[in-house]
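The primary structure of each chain is shown beneath.
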Amino acid sequence: MTDAKKEYDDIPGTFVFDQERSRQGYGVNAFCMTLMKDENRKAFRANESAYLDQFGLTPEQKESILKRQWNRMLELGGNIYFTAKLAATDGLSFQQVAAIMTGATQQEYADMMLAGGRNPNGNRSKAEWSKK
Amino acid sequence: MAKIVAAVFSSHVPAIGAAIDNGKTQEPYWTRVFSGFVETKRIMEEMKPDVCIVVYNDHASAFSMDVVPTFALGCAAEFPPADEGWGPRPVPVVKGHPKLAAHIAQSVILDEFDLTVVNKMEVDHGLTVPLNLMFGSPKEWPCPVIPLAVNVVLFPPPTGKRCFNLGQAIRRAVESYPEDLKVAIFGTGGMSHQISGPRAGLINSTFDKAFLDGLAGDPSKIIAMPHVEYMREAGAEGIEMVMWLVARGAMDAKVDEKYRFYTVPASNTAVGHLILENAAR
């Protein structure tokens, strides 16, 4: 059985956190939730790989977390409000993570926001992105 | 009889809370944002609501992926500020109105809206930032608050139509409450923003302004808007705006626009703000 095609899959640069992603990413998000507590943040920092083994992650999910592949985490079922807790644990500001996800420097990203943000024109469909 | 006197809409950007908590409100970047909420505080002071129903969403603070209620009504006596990773915000504990909340739950569930009742819940910036924007930073919030947490994190959130209809049911509930109370209902979140993935930073002022026009005028078009359109046009996280329709649903078909403000950006987000009152009859 193949997954039903979803209209929002055509939105470029976007991983919609839907029921299917949520199912796959439960462990990723459960891990991130534990980072609300300082004792857990310390245990994670002391041995990231061993700490992650508690959450039934796939090898791909574990790798994405260890390598801080922020987009890949979302693709594999992480949700931004949860992965933001990992960013905070790393001492990153939200804008720093946003910049990394977009492939911009923090300054470039901040300048873009101050200038009114990313324009929707040219950013509505994957076809528009493939022309870039 | 209790009645809904106004609908108050605003973004609930966490960075706004951080600016307040860290004394940055006088910096030029932030004066641009806060200047839009000066008149608001005068209006709220004049309105003096007895209770505010605040429609907002939790951001992985009170609700993890273990339990995801679509609509969760806060029926507790108080709601402490949540620790979102930097310690709880230094804002007053939010006092509830358990009696009115219980009445609303009883009424809307029999009206076929199957709410989750929550008797223990911490509230994050989604709820406390709008309180700051409307009331400033008092020692105690000026009135009890009934939180209504809507899931907009796990797709799909409730449809705009469902949100609007719930707002209508909440109004019926409020109007069947015997005590004379002035109730304001807040719709929070948005406006356009995307904070996830390579398309992060998306802002769509045209969409936002049309949405504000729709709320203030005829909302039928925005009520029918599919989720994919919110996400494509206003960013993946712009879908938070469906929550504004709960507040709009609690109002008359015809409303007066009391106040409006819009600015870009606050951090990653377009800030919109609107106060509506029922039109004089």
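Heads up: the structure comes first, above all this text.
Attention here is on the structure that accompanies the text. Each chain has its residues counted from 1, following the order in which its sequence is written. To label them, take the chains in the order written and letter them from A, then take the ligands in the order written and number them from 1. Local features are withheld for residues below a pLDDT of 70 in this predicted model, meaning they are given only at 70 or higher, and side-chain atom pairs are given and counted only at 80 or more; totals for whole chains, interfaces and linings count all residues. Hydrogens are left out, water is left out, and the side-chain values use all remaining heavy atoms of the structure.

1. Things to note about empty space enclosed by the protein
Here the term cavity refers to a set of points on a 1 Å grid, laid over the protein atoms alone, in which a 1.4 Å probe fits but cannot get out; the term pocket refers to an open set having protein on both sides within 12 Å along at least five of seven lines, with lining residues being those that place an atom within 4 Å of a point. Grid points are joined across faces, edges and corners, and a volume is the space filled by probe spheres set on the points. Counted according to the given criterion, the structure contains 2 cavities of 30 Å³ or more. Roughly 200 Å³ of internal volume is contained in the largest cavity. As for the largest cavity, its lining consists of 19 residues, of which F17 and N79 of chain A together with V153, A236 and E237 of chain B are closest to the centre. Considering only enclosed or pocket space, the second largest cavity measures out at about 140 Å³ in volume. The wall of the second largest cavity is formed by 14 residues, among which D58, F63, V68, N151 and V153 of chain B lie closest to the centre. Residue classes follow a fixed rule: Ala, Val, Leu, Ile, Met, Phe, Trp, Tyr, Cys and Pro count as nonpolar, while Asp, Glu, Lys and Arg count as charged, and any other residue, Gly among them, counts as polar. Looking at the lining of the second largest cavity residue by residue, the classes come out as 11 nonpolar, 2 polar and 1 charged.

2. Considerations on the side chain of S196 of chain B
Residue and element names in this part refer to chain B. Secondary structure elements follow DSSP: runs of H or I no shorter than four residues count as helices, runs of E no shorter than two count as strands, and numbering proceeds from the N terminus. For S196, the position within the fold is in the loop between β8 (182–188) and α7 (205–216). Relative accessibility under 20% of the residue-type maximum defines a buried residue, over 50% an exposed one, and the middle range a partly exposed one, all with a 1.4 Å probe and only protein chains included. Relative accessible area serves as the criterion here: at 3%, S196 is assigned to the buried category. N or O atoms closer than or at 3.5 Å make up a polar contact, with two conditions inside protein: a donor-capable atom paired with an acceptor-capable one, and, for residues adjacent in sequence, both atoms drawn from side chains. Of note is the side chain of S196, whose polar atom sits 3.0 Å from the side chain of E237.

3. Brief notes about the layout of surface pockets
Residues and elements named next belong to chain B. Approximately 210 Å³ is the volume attributed to the second largest pocket. Along its surface, the second largest pocket is lined by F207, A210, F211, G214, D218, K221, I222, M225 and E229. Put simply, the parts of the chain that give the lining of the second largest pocket at least two residues each are α7 and α8 (220–223). No other element matches α7, which puts 4 residues into the lining of the second largest pocket.

4. Regarding the pattern of salt bridges
As a working rule, side chains carrying opposite charge can pair if their charged atoms are close by. A pairing counts as a salt bridge when a side-chain nitrogen of Lys or Arg comes within 4 Å of a carboxyl oxygen of Asp or Glu. Within the structure shown, the criterion is met by 21 salt bridges over all chains. The partner of R23 of chain A in a salt bridge is E20 of chain A, with the nearest N and O atoms 2.5 Å apart. On the criterion of helical spacing, the pair formed by R23 of chain A and E20 of chain A is a turn pair, its members being 3 residues apart in helix α1 (residues 19–24). Its salt-bridge partner being E257 of chain B, residue R260 of chain B comes within 2.9 Å of it at the nearest N-O pair. Accessibility expressed as a relative area gives 29% for R260 of chain B, which makes it partly exposed. Given the relative accessible area of 38%, E257 of chain B is considered partly exposed. Here the residues in one salt-bridge network are D38, R41 and K42 of chain A, joined through shared partners.

5. Concerning the pairing of strand β9 (residues 255–266) of chain B
Residue and element names in this part refer to chain B. Strands are treated as partners if at least two bridges between them are detected by DSSP. Sheet analysis places β9 next to strand β10 (residues 269–278), joined by 9 bridges and oriented antiparallel. Residue pairing across strands places T263 opposite V271, the latter belonging to β10. What sits between the antiparallel neighbours β9 and β10 is a turn of 2 residues, in which S267 has the positive phi angle 60 degrees.

6. As for the nonpolar core
All names here are of chain B. We define a nonpolar core as any set of buried Ala, Val, Leu, Ile, Met, Phe, Trp, Tyr and Cys residues linked to one another through side-chain atoms lying within 4.5 Å. Of all hydrophobic cores here, the largest spans 71 residues; its most connected members are L73, I104, L148, I170, I185, F211 and Y230. Ranked by the residues each element gives to this core, the list is headed by helix α6 (residues 160–175), at 7 residues. Throughout, a residue-residue contact means that at least one pair of heavy atoms, one from each residue, lies within 4.5 Å. Setting aside chain neighbours within four positions, we find L73 in contact with A101, I104, A105, L115, T116, V117, V118, I146, P147 and L148. Ranked by size, the runner-up nonpolar core spans 44 residues in total, among them F63, F79, V123 and C143.

7. Observations concerning the packing of aromatic side chains
Any pair of Phe, Tyr and Trp rings, taking the six-membered ring for Trp, is counted once the centres come within 6.5 Å. Such a pair is stacked with planes under 30 degrees apart, edge-to-face with planes over 60 apart, and tilted for the rest. Tallied over the full model, the rule gives 15 aromatic pairs over all chains. Pairing F31 of chain A with Y51 of chain A gives two aromatic rings, centres 6.1 Å apart and planes at 70 degrees, and the pair type is edge-to-face. With F31 of chain A in helix α2 (residues 26–34) and Y51 of chain A in helix α4 (residues 48–52), this residue pair connects regions lying 20 residues apart in the sequence. Three or more aromatic residues joined by ring pairs make a cluster, and in this case those are F9, F207, F211, Y230 and W244 of chain B. A cation sits over an aromatic face here: R32 of chain B above Y29 of chain B, 5.0 Å from the ring centre. Remark: a charge is flagged as sitting over a ring if the NZ atom of Lys or the CZ atom of Arg is within 6 Å of the ring centre and within 35 degrees of the ring normal.

8. So, the sheet that holds strand β2 (residues 51–56) of chain B
All names here are of chain B. Sheet architecture is open: 8 strands sit in the order β6-β3-β7-β2-β8-β1-β10-β9, paired in mixed fashion. Of all strands in the sheet, those bounded by a partner on one side alone are β6 (116–118) and β9. Strand-to-strand, the axes of this sheet are offset by a mean angle of 20 degrees, without reference to chain direction. Here strand β3 (residues 71–74) pairs with strand β7 (residues 145–150) via 3 bridges, running antiparallel. The residue of β7 that forms the bridge with F71 is V150. Helix axes are fitted only over the stretch in contact, all axes being lines through C-alpha atoms; the angle between N-to-C directions runs from 0 to 180 degrees.

Everything listed is a geometric property; what it means functionally is a separate question.
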